[in-house]
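Each chain, letter by letter, is given below.
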Amino acid sequence: VTVTNSEGCAITDTSIITSIPQLLAQFDYQQSCDSLYVDFNNTTSIGTSFTWVFPINNDTIKTDDKGVVRYNFPALGQYEVVLIAHDTSACTDYDTITQTISILEVLTERSNDYFLCEASDIEVSSGYSNPNYTYLWQPESAVNSPNDSTTFIKVDTSLRLTVTITNQIGCV
């Protein structure tokens, strides 16, 4: 900046303008396919410390890094999870994000053996009936509905029948 008075004298000064980043708490998560564990990934761009608040007994986990935090939920359902990001060098000291997450059913292997004395039709079930799941019975030629949770098969010889079940988050 240069300032000049009425006599033509000028003075120059330099100002340094520093942009201070905005603190914005963010996270994503992934449920384990075989348990009620959920990995929470802190995706906050800046921050010096973080506090996770989970709904069960207001459990809190404090950390100084943006790594992954694992939490075991007690049951299926919806839960509000809170992340509080702290950084005293940012424009604001803290920022909070709250997300409602859904803990989905864990798929477990179920096996049923059937023994028949003569050729007959038999109804077999995957053990699940969730409309949000996809089902694939194999061999497809042995069943009348390869994409249903329950199907009928015509048995006239020994047969190994499998069903692959995939839930909303891609767990098989």
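Residues numbered from 1 in each chain as written. Predicted model: local features only at pLDDT ≥ 70, side-chain atom pairs only at ≥ 80, totals over all residues. Heavy atoms only, no water.

Attention now moves to the nonpolar core. Of all hydrophobic cores here, the largest spans 18 residues; its most connected members are Phe40, Trp52, Phe54, Phe73, Val81, Ile101 and Ile103. Those elements giving two or more residues to this core turn out to be β4 (37-42), β5 (49-53), β7 (68-72), β8 (77-86) and β9 (94-103). For this core, the element with the highest residue contribution is β8, accounting for four residues. Ignoring sequence-local partners within four residues, the contact set of Phe54 consists of Phe40, Asp59, Ile61, Val69, Tyr71, Phe73 and Val81. Listed in part, the five residues of the second largest apolar core include Ile122, Val124, Trp137 and Val143. (Core = buried A, V, L, I, M, F, W, Y, C linked by side-chain atoms within 4.5 Å. Buried < 20%, exposed > 50% of the residue type's maximum accessible area, 1.4 Å probe, protein only. Helix = DSSP H or I, 4+ residues; strand = E, 2+ residues; numbered from the N terminus. Contact = heavy atoms within 4.5 Å.)

Let us now look at the confidence of the model for the chain. Looking at the chain, pLDDT values average 80 and 87% of them are 70 or higher. The secondary-structure element of the chain with the lowest mean pLDDT is strand β10 (residues 120-125), recorded at 74, while β5 shows the highest, at 91. (pLDDT = per-residue confidence, 0-100.)

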